[in-house]
Structure formats: structure tokens, C-alpha cells
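# Summary of structural features
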Amino acid sequence: MAKKTAYMGMLTALAFVLSYIEFLIPINLGIPGVKLGLANLVTIVALYTMGVKEACTLSLVRIVLNGFTFGNPAAMLYSLAGGILSLLAMIGARRIKLFSVTGVSVLGGVFHNLGQIMAAVLVVENARLLYYFPVLVLSGTLAGTVIGILAALIIKRLDKLIREQNQ
Amino acid sequence: MGKRVQHAGILLLAVLLLVGIAAMQQGKKERNRYETSFFDSFDTVTTITGYAKSQEAFEEQTKLLQEKLMHYHQLFDIYHTYDGINNLKSINDNAGKSPIPVDEEIIELLKLGIEMHQKTNGQINIAYGSVLSIWHEYREQGMADPAGAQVPPEELIQEMAAHTDISRLVIDENQATVFLEDGEMSLDVGSIGKGYAVQRITEYAKELGMDHFLISVGGNVSAVGAKADNTPWLVGIENPDLESSEAYIGTVELADQTIVTSGDYQRYYMVDGKRYCHIINPETGMPPEYVPSVSVLTNDSGMADALSTALFNMEVSEGLELAESLPGTEALWVMKDGGIRCSSGFEFHEKE
Amino acid sequence: MKKNDVILIVVLLAAALAVYGFISLFSAKNTKEAQAVVYLDGEVQGSYPLDHDTSVTIQAESGGYNILEIRDGKADITEASCPDKICVNHRPVQNRGESLVCLPNKIVVEIENGGETEIDGSTK
């Protein structure tokens, strides 16, 4: 239990750091608050090494933490919408077992962006924002691929570590 | 226990998301921009631009403004009478005869006229109707028959100018009556009536809860608030040189303010190749020839209307002094050579 | 990375490109050309694209008329029945928001769409 708590704490800290990095190098997609989602990396790692429940908790803690630290209500709302949709997509993608970590991450990235833009469309009440759709799918795919490859490497090592420790 | 916490968490999350979206939507209130124009008041075109939730809502609101404007048009009309109301024509028709009971808005307008007469050293005179009607007649004839166009004879102008003493305009506020003591004199509020009406409908629009509107009655422009995104309205000052390909000499930003221009290039007639505009200097009885146009930017459209006419009647240096002496009032002159002069606080984006 | 992952990535990229292509095609059609819109007593009477030279006679309700000419991307009233001829003397208009007004005939010609100066109103 203590080990698990420590592990969760470590992942949360990592997610926080990644969000901070993202905060430092903002990408402007024309919608304030919409971000690339580097912190997805941690969510994926948690999903594969710990489980659905832990991934959800981690994701939520990260979003709230970031929202209060770096963001504004709008940014937090977008992250929340993006985070939830992304998580659901990844949980589903992992269950159907068609894809490896990279594929799951790509779907997570794409749905992360879709969730954000959907929230933005609802808030701004301007369907024209959907013009950003291709850009967001593109950026989600690219970010998801990079994150997925990284995540796969991390999971491989962590898995070994966790298994050894559990023995 | 763990499951319950988890469910509660998910529920909380969903509620948070929905409430957040709803709250931000409330704050935003997306509105569309509409525009309408009509011709029925003050012998000019009125254009109203504004933001409303729907075309119907916009039309409903602007319809009320249109009716209100029409009301003022009828009150200040000196050529026609209307059933059931005493207007300026009623007052003029009873000059030298009897006081006429009138609407309190007429009294307010006339008081503004008297105030502006004092403020501008007599450059605004709403009791100048007798001379203006002569010019009006000659101008109409001149436009109908350009070859036979004539300037009114000086003797006639001088004769009529004897009946323009504004102190003989008697307002009885208690009785709400107006009386012209001189039977030959008449009122003509051409220099302030439109501006006064624009100011009143601007205030009326605010009362109706309209908060992002731009009203232009024949170039007498008044802003109710700013645009929906809270950036100011951009208003072009027309180039008096109609031969030039530049439509505007520049732009000003307007939010909860008004700008009015007086110029010689819109309403005029030609006699022997010389232009005679519709603004007549009360001192000389002739159209002033100082500058092609003067614009006044301030908070009250009635004031702006009166001042732009007054400044048009003055030398630029004199006008500059007057404009600088009035707080919150800025003025811009377009000179004969196309150059621009303006008071110290006039923020103006010149066309490069 | 599995083969499925690669397929997924390729499919997503292709979809993004396809949607992008579709949108740019659609919005290209959607950006309207500048046109002169004629209002008769506040009602739209007709509109004429500025890139097409033409000459139209606008019949006013009062029985008067204005001749609107469109040439070289500009709209101009070249002849009118009104006494004051303010509309005829006015320079041709071409930028969005500019207008020609004939008060006696209650006709407004306004330029809509097209580029440049986004002016909300004008004072004269």
C-alpha cells in the first residue's frame, strides 16, 4: 500500500512537471486554453502499470492541480473535457487489444484534443471552431505517437521493476 | 466504500464539467450583428447597426427607435403639421399671435438652443428661421433650375435678419408654452434638432437594454456602448473632397460617444459656378467659407450637432479656442487644402 | 509498435488531411465576392458583383430613377432624376461598408463583402 502511494505520488509529480513544461512552451492553436497534452504520458503509464481506477484518479488530480496552478477556469474546463474523453478512449482502446501502447496513446491524444474543442464549441457557441478539427487531429496524432513510444519504453522498465518488487 | 467514493467522484466531475460549460456560456451570450436603414425621419437616411440575439429581436428594438425618431422629426418639423401635436410649425404659425402649448421635449430642445447660442457667441441661432427660409427657397429653385440659380439679394437677407432676435423667443416653463413675440420671426432647429433627437434615442436605446449599437442619422453618429466584443466602433470621417478616391480622411474610435460633422459638400447649390451650402452664418447671413468640414466628438449628440455647426461658422483659430475650452469635447477640421487640424485631445487614425 | 498502430496513425493523418481539404474547398466557395447591394427604402432590391461590369437603372418608388454603373470593380451612380445630385457627385465606392445614398429617391447602394476597411459607420 505504501509503495503504491509512493508510486502514485511520483507519477503525480511527473504529470505536474510535464504540465509545467507544456505551460512554458505554449502552442497556439487559436483557442485559448487548448493544449497538446504531454501529461498524457503519465496517464498512460498509470493505466498500464496500475489500472483504470488509478489512471482516472491521477488524471483528475493532475487536471485540478494544474488548473489552479497555471490555468484559468476556461483552461481547466478544456483540460477536464479533454482529459475525460482521452481517458475513456484509452481505456476502451486498451480493452479491445487491437493496439499497442502507441496506438492507445495516439487515440488518447486525438480524443484529448477533440474533447477540448467540443467543450470550446459549447462554450463559445461557434461551430466555426470545428475548422480546427483537422489541425487538432493532426497534432493529437503526432503528440500521441511520440508520447506512445516514450510510454512504451517507460512501461517496459517499470513493469519489470514492479514485478521484481512484488515477488 | 471505495466504489461509492469513486462513483461520487465521477458524478462530481460530470456536474463540474456541465456547470462550467453552462456558466461560461452565460458569460458569453453570443450575439449576431445586424443592420437596418430607413428614410422617414429628418430627410436623411438613418442606419442602425447593432448586436442582438436574433433578427426579430433586433427589428423589434430598432422599430422602437425608428418610431421615437419619427416622433422627434414631427415635433421639430417646420414645414408640416401633424394631427394631434403642436410642433415647431405650430409655434412659427402663431408668431406674434399667441403662446402655444408644447411637449416638454420641445421646450428642452429650445433651451438647448438658447444655451448653445450663448456658448458659441451667437454662432448658433435657432431663431434664424426667417433668413434660412429665404435661402431654402432660393436653393430649391436653384436646384430645380440650375441655369437660373440665384443668390438671395442682400437687402432681403438684411430685412429678414431684423427678425432673428432669440431673446424674443419666450418660453414659459410653468405653463409649458412657447411664444415668438416678433410676428415675422420663426424657429429653425436645423443646427441642433437632429443631434438632440439622436441623443434622446441613444438614451432610449440604453433604457431598452440595448448595449452594443451604433446609430447614424445622416452622418450624425452616436454609439450606445462599444461593439459586442467591447472593442470600440470604428467610424470614418468622410472626405469632403468628392473628387478624391479616398472615401475617408481617417477614422475615430467611438464607444458611448458621438461624432457629428458639418460640411459644405453634402447639401448645397451652385450659382455661377460657386457653391452655396445649406449652413448660413447668423452674423453675415451668408454661407461661411472657412473650411470644407468640421467634426465634433463629445458625449452629447445635441451638443455635438450644435458645436459642429458653430465651428463651421468660425475661423479655425477661434474655433480651436472654443473647442479647447469645453471639457470632453474634441474637434477636427478638414482644411481647404485637404490638410487636417484638430484639438489637442482628438484621437484620430489618419489615412496614410 | 504494432502494425495496427501504424495503420491507425496513417488513417488518422489521412482523415485530417481529407477534412482539411474538404473545409478549404468549402470555405473557398464560401468567401463571397464584393458586391453592390441596392436598397430601395430599406428593402434589398438587388445585388451586383463588383467584378462584373454592368449598368442598371434603379426605379424609385417615387417614379424617379438612378443609374448604377459598375466598372473596374467600383460602383458609381452616373445619372439620377433627383434634384440635388449628391449621389451622382459622390465618388465611386468599392470598399466594404462604403455607400452611395440618394435621399430623394430613397436609394442606398452599399458595398458588402470584399476586403479592406472594416468601418462601422461614417460621419459627414
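Just above, that's the structure.
Because the structure is a prediction, the values reported are computed rather than measured.

## Observations concerning the sheet that holds strand β1 (residues 32–38) of chain B
Residue and element names in this part refer to chain B. Strand order in this open sheet of 8 strands is β1-β2-β6-β7-β10-β13-β14-β15, and the pairing throughout is antiparallel. Either end of the sheet is taken by a strand with one partner, and the two such strands are β1 and β15 (340–342). Recorded for the sheet is a direction-independent mean angle of 15° between the axes of neighbouring strands. Looking at chain direction, strand β7 (residues 220–224) and strand β10 (residues 258–263) are connected through 2 bridges and run antiparallel. Bridging from a neighbouring strand, S222 pairs with T258 of β10. Here helix α7 (residues 193–207) sits on the sheet in contact with β6 (213–217) and β7, set at roughly 15° to β7.

## Description of the sheet that holds strand β4 (residues 169–172) of chain B
Residues and elements named next belong to chain B. Reading across from one edge, β3-β5-β4 is the order of the 3 strands in this open sheet, with antiparallel pairing throughout. In this open sheet, the two strands that pair with only one neighbour each are β3 (100–101) and β4. Pairing geometry for β3 and strand β5 (residues 177–180), over 2 bridges, is antiparallel. Paired with P101 across the two strands is T177, which belongs to β5. This element, helix α4 (residues 104–119), spans β4 and β5 of the sheet and lies at about 135° to β4.

## Things to note about the pattern of salt bridges
Residues and elements named next belong to chain B. Scanning all chains against the criterion turns up 14 salt bridges over all chains. A salt bridge links K111 to E173, with the shortest nitrogen-to-oxygen separation between them at 3.2 Å. Placement of K111 in helix α4 and of E173 in the loop between β4 and β5 is noted, with a sequence separation of 62 residues between them. By relative accessible area, which is 37% here, K111 ends up partly exposed. Residue E289 pairs with K274 through a salt bridge whose shortest N-O separation is 2.6 Å. With E289 in the loop between β12 (274–277) and β13 (293–298) and K274 in strand β12, this residue pair connects regions lying 15 residues apart in the sequence. A residue is classified by how much of its surface remains accessible, and E289, at 46% relative accessible area, is partly exposed. Looking at K274, the relative accessible area reads 34%, which means it is partly exposed. Because the salt bridges share partners, they merge into one network encompassing E105, E108, R200 and E203.

## Regarding the packing of helix α2 (residues 40–49) of chain A against helix α3 (residues 52–69) of chain A
Residues and elements named next belong to chain A. Where α2 meets α3, the axes come as close as 7 Å, and the angle between the chain directions of the two elements is 160°. Judged by the angle between their axes, α2 and α3 are roughly antiparallel. Helix-helix and strand crossings are classified by hand; for α2 and α3 the assignment is right-handed. Residue-level inspection shows V42, T43, A46 and L47 of α2 in contact with α3, the latter providing V52, A55, L58, S59 and R62. Its residues placed into classes, the contact of α2 with α3 shows 6 nonpolar, 2 polar and 1 charged.

Definitions and cut-offs
- Residues numbered from 1 in each chain as written.
- Chains lettered and ligands numbered in written order.
- Predicted model: local features only at pLDDT ≥ 70, side-chain atom pairs only at ≥ 80, totals over all residues.
- Heavy atoms only, no water.
- Pairing = 2+ DSSP bridges.
- Helix = DSSP H or I, 4+ residues; strand = E, 2+ residues; numbered from the N terminus.
- Axes fitted to C-alpha atoms, helices over the stretch in contact; angles between N-to-C directions.
- Contact = heavy atoms within 4.5 Å.
- Salt bridge = Lys/Arg side-chain N within 4 Å of Asp/Glu carboxyl O.
- Buried < 20%, exposed > 50% of the residue type's maximum accessible area, 1.4 Å probe, protein only.
- Parallel < 35°, antiparallel > 145°, perpendicular 65-115°, else oblique.
- Left-handed = near helix turned anticlockwise from the far one by under 90°.
- Nonpolar A, V, L, I, M, F, W, Y, C, P; charged D, E, K, R; others polar.

Scope: geometric values only; no functional claims are made or implied.
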